[in-house]
Amino acid sequence: MADASDRNRLITCRACGNRVPRTARRCPACGTRDPARPAPVTAVPRPSTRRASRRGRRLLVVVLALVVVASAGVITATLVWGPPPAPLPLERRPETPLLAPAPPAGRAPVPSRSRGRTDWLFFFKAGDRLARMGEDTPLGEIVRTENVHAFPDGSSGPAYIVRAPDGEERALDADELERGARVQ
């Protein structure tokens, strides 16, 4: 009776780890011959963990040294040569209007979409420096916005208060400025 219980005892397949009877000639899961036979012991040379950790540390030190040298080079170059010089102020011709020139002869001017409205969503904000669209002529800096401004022609609407490069503050129609200017 001891022999029968020994034959029916399950063991682990040496190839896949499936449980198989001790007397099985093939593993039903992976098909390995003699799954009960112990796996041959082969000496696998493993790399020295000590050597590998030294290489890793050396590589890390070299990378950190390169980063420090590159950073020092950038900082030194910035300190020696300094930041780029500020651009020279551009002259503004007095005959050039602040916004886009009048439309060519034969074309009617585009009416402002902002005149008469009090719910205008402003595109530019205070502090933005503006330039003429299509050119790089500076228009000035936005000082503030006004939801309702009375224009000299008698109409009212939203306006930008712009400080021109000559220092003069002007109220400009919101729609006209947004169509003819861009942030510098």
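Numbers given to residues run from 1 along each chain, matching the order in which its sequence is written. In view of the model being predicted, local features appear only for residues whose pLDDT reaches at least 70, and side-chain atom pairs are presented and counted only at 80 or more, with totals across whole chains, interfaces and linings using the full set of residues. Hydrogens are left out, water is left out, and the side-chain values use all remaining heavy atoms of the structure.

(A) Inspection of the environment of Pro 165 at higher detail. Strands are runs of DSSP state E lasting at least two residues, helices are runs of H or I lasting at least four, and both sets are numbered from the N terminus onward. Along the chain, Pro 165 turns up in the loop between β5 (156–163) and β6 (169–173). On the basis of relative accessibility, which here comes to 47%, the residue Pro 165 falls in the partly exposed class. A C-alpha to C-alpha distance of 8.9 Å links Pro 165 and Pro 89, two positions 76 residues apart in sequence. Should any heavy atoms of two residues lie within 4.5 Å, those residues are counted as being in contact. Excluding residues that lie within four positions of it along the chain, Pro 165 makes contacts with Pro 138, Leu 139 and Gly 140. Note on exposure labels: buried denotes an accessible area under 20% of the residue type's maximum, exposed denotes more than 50%, and partly exposed covers the range between, all computed with a 1.4 Å probe on protein chains only.

(B) Fine view of the pattern of salt bridges. The working definition used for a salt bridge is a side-chain nitrogen of Lys or Arg within 4 Å of a carboxyl oxygen of Asp or Glu. Across all of its chains, the model carries 12 salt bridges by this definition. Arg 144 is the salt-bridge partner of Glu 146, the closest N and O atoms lying 3.3 Å from each other. A residue is classified by how much of its surface remains accessible, and Arg 144, at 40% relative accessible area, is partly exposed. Close ionic contact of Glu 169 with Arg 163 constitutes a salt bridge, the shortest N to O distance being 3.4 Å. Exposure remark for Glu 169: the relative accessible area of 41% places this residue in the partly exposed category. A network of salt bridges, in which partner residues are shared, links Arg 115, Asp 153 and Asp 173.

(C) Local environment of the side chain of Asp 173. The residue Asp 173 is located in strand β6 in this model. Pairs of N or O atoms within 3.5 Å make up the polar contacts considered here, provided that, within protein, one atom can donate a hydrogen while the other can accept it, and that residues adjacent in sequence are counted only when both atoms are side-chain atoms. Polar side-chain contacts of Asp 173 include one of 3.4 Å to the backbone nitrogen of Asp 175. Not counting chain neighbours up to four residues away, the residues in contact with Asp 173 comprise Ser 112, Ser 114, Arg 115, Phe 151 and Pro 158.

(D) Structural detail: the sheet that holds β5. Spatial strand order, β6-β5-β4-β3-β7: 5 strands in an open sheet with antiparallel pairing. The outermost strands of the open sheet, each flanked by one partner alone, are β6 and β7 (181–183). Each neighbouring strand pair of the sheet contributes to a mean axis angle of 45°, computed without reference to strand direction. Strands are treated as partners if at least two bridges between them are detected by DSSP. Two strands pair when backbone bridges link them, and strand β4 (residues 138–150) and β5 are joined in this way by 7 bridges, in the antiparallel orientation. Axis lines are fitted to C-alpha atoms, over the contacting stretch for helices. Their N-to-C directions set the angle, which ranges from 0 to 180 degrees.

Coordinates in, geometry out; function isn't part of it.
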